[in-house]
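Structural overview
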Amino acid sequence: MLLSLRMIARLIGILRVLARHDAAAAFESLGLRGWSLWLMEKLGRKRGKGRPGQRLAAALTELGPSFIKLGQSLSTRADILGEDLARDLSALQDQVPAFSFQEAKAALESELGRPLDDLFVELDETPVSAASIAQVHLGLVAGEPLQSEDDEQEPETPEPREVAVKILRPGIERAFERDLRLFFWLARLAERTQTRLRRLKPVAVVQLFADQVALEMDLRYEAAGMSEIAENFAGDDSYRVPSVDWQRTAQRVLTMSRVGGIPIDDREALLEAELDLEEVLRTAATVFFKQVFRDGLFHGDQHAGNMWIDREGRVVAVDFGILGRLDQETRLVLADMMIATLRRDYHRLAEIQVQAGYLPSDRSLDTFAQALRSVCEPIIDRPLQEISFAKLLAQLFQLTESFAMPVQPQLLLLQKNMMMAEGVSRSLSPDLNIWTLAQPLIEEWIFRNRSPAARLRDNARSMQKLLLRGPKVLGDIEAIAQEVRQGGLRLSAGNTESGEAAATRWLTYLAILLSLTAILVVLLD
């Protein structure tokens, strides 16, 4: 009871802020009604400036770090919010006041276990950026001594290295924990009272957000992700990632090499630097393709504030707190979907989504194929530079409500980043579609992974794995048969496998054995 009263009091404060920015219009645009909107009216709703999504973004910024992050997370959910509202929220930037240098110093010394002067030659007291979860200070660290070729001489002392130091906000974990309790309370309330929202699983959405925030608040995860992407691009000078200083990195502190460049959307500065805009976009498109299709690991927040271009035309990236991952199976599904779309084979496009588990089996395949046709046909013959593939994806995701399709979070994050990439592309060169520049790479990847030869190779690998498992499977079947001969499958108190599960396991082994037998017959024929 006391918890609910606190939640209601907190909620009234939030509604006051939303009313002050006239953010109710954003909820009304989604067709939502209820007591909360009524209360906003009573709290003195004012006429705000800008689109509904912009007014909501302003309100979330005033409400603080948790709400800024929630808005950024929801910006990937065009299927819930609609394309316009999602786009406005994707522009949310972490603009919050900096915390004091004394607090930053205390955090550094506590996390790294050494006095500040032992850690850094110099550390700027004024942060270069302050975000909702952390802020960044620039500094210098001592270089490692270089051994002279003459062993009798003293080792040379190199110049200090330039670094950037990311430090979590003091008390940020407690602040997020408090607000997450409110978000879960509201999500459970929405699932109980808003029938229309149940399909969208508000509690699961909040849980996903909570999991994401938990990763962002342990800077070692960001450091690991940055290091992994750097390894993926080893020897590729088109993409620069800061290197991690692991000796000065901990849960609440991340020290990395300092990087910089021209913001990727600053057209005038790029031209002044005599950089070819088409080549800049080609490099950015190639990097995006390599991350998504080649590696299955991509930067999950590729707005212009995190992406720069250096004087050599290389893409420079920072802030790897959010990473997207696509397993090989998902990437192959995407490739198959591309092929089917280009061929206008909407029935095949629908089949692919059924096979991938995206479309419930009780839904009409033909009706879904017709819905796909309605989305794709209006744009399929238009000039490529006029097609927004991010918009196409958003429209496809909007079909999920009609067909009760489960949401694919990894694809929503991909769609958000495609929208960001297209926005940058059109600001630099309105007549050029960034995806046309990556088209040859995508076609080559599809041919290499989905051609008949590639499918034969994959089938051969699957067969090899199956054959390698043969001896173990046969051994397990023999053990099960021995149990049956001795009076049946016995279940002891320590055996947590149910009789049904054991029977399923036995049938699975039998099916594998029959498959192996069939394979051997074919091979020996």
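Residues numbered from 1 in each chain as written. Predicted model: local features only at pLDDT ≥ 70, side-chain atom pairs only at ≥ 80, totals over all residues. Heavy atoms only, no water.

Overview of the overall build of the protein chain
Helix and strand content of the protein chain: 22 helices and 11 strands. Evaluated residue by residue, the protein chain yields a buried proportion of 46% over its 525 residues. Counted over contacts in the protein chain with a minimum sequence separation of 6, partners at least 24 positions apart contribute 69%. (Helix = DSSP H or I, 4+ residues; strand = E, 2+ residues; numbered from the N terminus. Buried < 20%, exposed > 50% of the residue type's maximum accessible area, 1.4 Å probe, protein only. Contact = heavy atoms within 4.5 Å.)

As for the packing of helix 10 (residues 172-193) against helix 11 (residues 202-216)
Where helix 10 contacts helix 11, the two axes come as close as 8 Å, and the packing angle between them is 165°. In terms of orientation, helix 10 and helix 11 fall into the roughly antiparallel class. Relative to helix 11, the crossing made by helix 10 is right-handed. Counting all contacts with helix 10, which are made through Phe176, Leu180, Phe183, Phe184, Ala187, Arg188, Ala190 and Glu191, the residues of helix 11 involved are Pro202, Val203, Val206, Gln207, Phe209, Ala210 and Val213. (Axes fitted to C-alpha atoms, helices over the stretch in contact; angles between N-to-C directions. Parallel < 35°, antiparallel > 145°, perpendicular 65-115°, else oblique. Left-handed = near helix turned anticlockwise from the far one by under 90°.)

Some thoughts on the packing of aromatic side chains
Going through the model one piece at a time under the given rule, you end up with five aromatic pairs. Residues Phe183 and Phe209 carry aromatic rings whose centres are separated by 6.1 Å and whose planes lie at 55° to one another, so their mutual orientation is tilted. Taken as a pair, Phe183 in helix 10 and Phe209 in helix 11 lie far apart in primary sequence, 26 residues in all. Grouping aromatic residues by their ring pairs yields a cluster made of Phe67, Phe183 and Phe209. Arg294 extends its terminal NZ or CZ atom over the ring of Phe233, reaching a point 4.8 Å from the ring centre. (Phe/Tyr/Trp six-rings, centres within 6.5 Å; stacked < 30°, edge-to-face > 60°. Lys NZ or Arg CZ within 6 Å of the ring centre and 35° of its normal.)

Observations concerning the side chain of His137
Relative to the helices and strands, His137 resides in strand 3 (residues 134-141). Of the residues examined, His137 reaches a relative accessible area of 0% and is grouped as buried. Within the structure, His137 has its side chain in polar contact with the backbone oxygen of Asp124 (distance 2.9 Å). Side-chain polar atoms of His137 contact the side chain of Gln135, separated by 3.0 Å. Excluding anything up to four places from it in sequence, His137 contacts Phe101, Ala104, Leu123, Asp124, Glu125, Thr126, Pro127, Val163, Ala164, Val165 and Ile167. (Polar contact = N/O pair within 3.5 Å; in protein donor to acceptor, adjacent residues only side chain to side chain.)

So, the pattern of salt bridges
What the rule picks out here adds up to 23 salt bridges. Asp179 is the salt-bridge partner of Arg178, the closest N and O atoms lying 3.4 Å from each other. With relative accessibility at 3%, the residue Asp179 sits in the buried group. Among the salt bridges present, the one from Arg294 reaches Asp295, with a minimum N-O distance of 2.7 Å. Judged by relative accessible area, Arg294 falls into the partly exposed class, the value being 34%. (Salt bridge = Lys/Arg side-chain N within 4 Å of Asp/Glu carboxyl O.)

Thoughts on the pairing of strand 6 (residues 253-257)
The element strand 6 is extensively covered by neighbouring structure, given that four of its five residues are classed as buried. Strand direction decides the pairing type here: strand 4 (residues 161-168) and strand 6, joined by five bridges, are antiparallel. When the sheet's bridge partners are listed, Lys166 is paired in strand 6 with Leu254. (Pairing = 2+ DSSP bridges.)

Structural notes on empty space enclosed by the protein
Following the criterion strictly, the structure yields four cavities of 30 Å³ or more and no others. Approximately 160 Å³ is the volume found for the second largest cavity. For the second largest cavity, the lining is made up of 16 residues, of which Ile264, Ala284, Gln302, Met307 and Ala421 are closest to its centre. Contributing elements (two or more residues each) for the lining of the second largest cavity: helix 14 (277-295), helix 19 (409-428) and helix 20 (434-450). In the lining of the second largest cavity, the residues fall into 13 nonpolar, three polar and no charged. (1 Å grid on protein atoms, 1.4 Å probe; cavity = no way out; pocket = protein on both sides within 12 Å on 5 of 7 lines; lining within 4 Å. Points joined across faces, edges and corners; volume = space filled by probe spheres on them. Nonpolar A, V, L, I, M, F, W, Y, C, P; charged D, E, K, R; others polar.)

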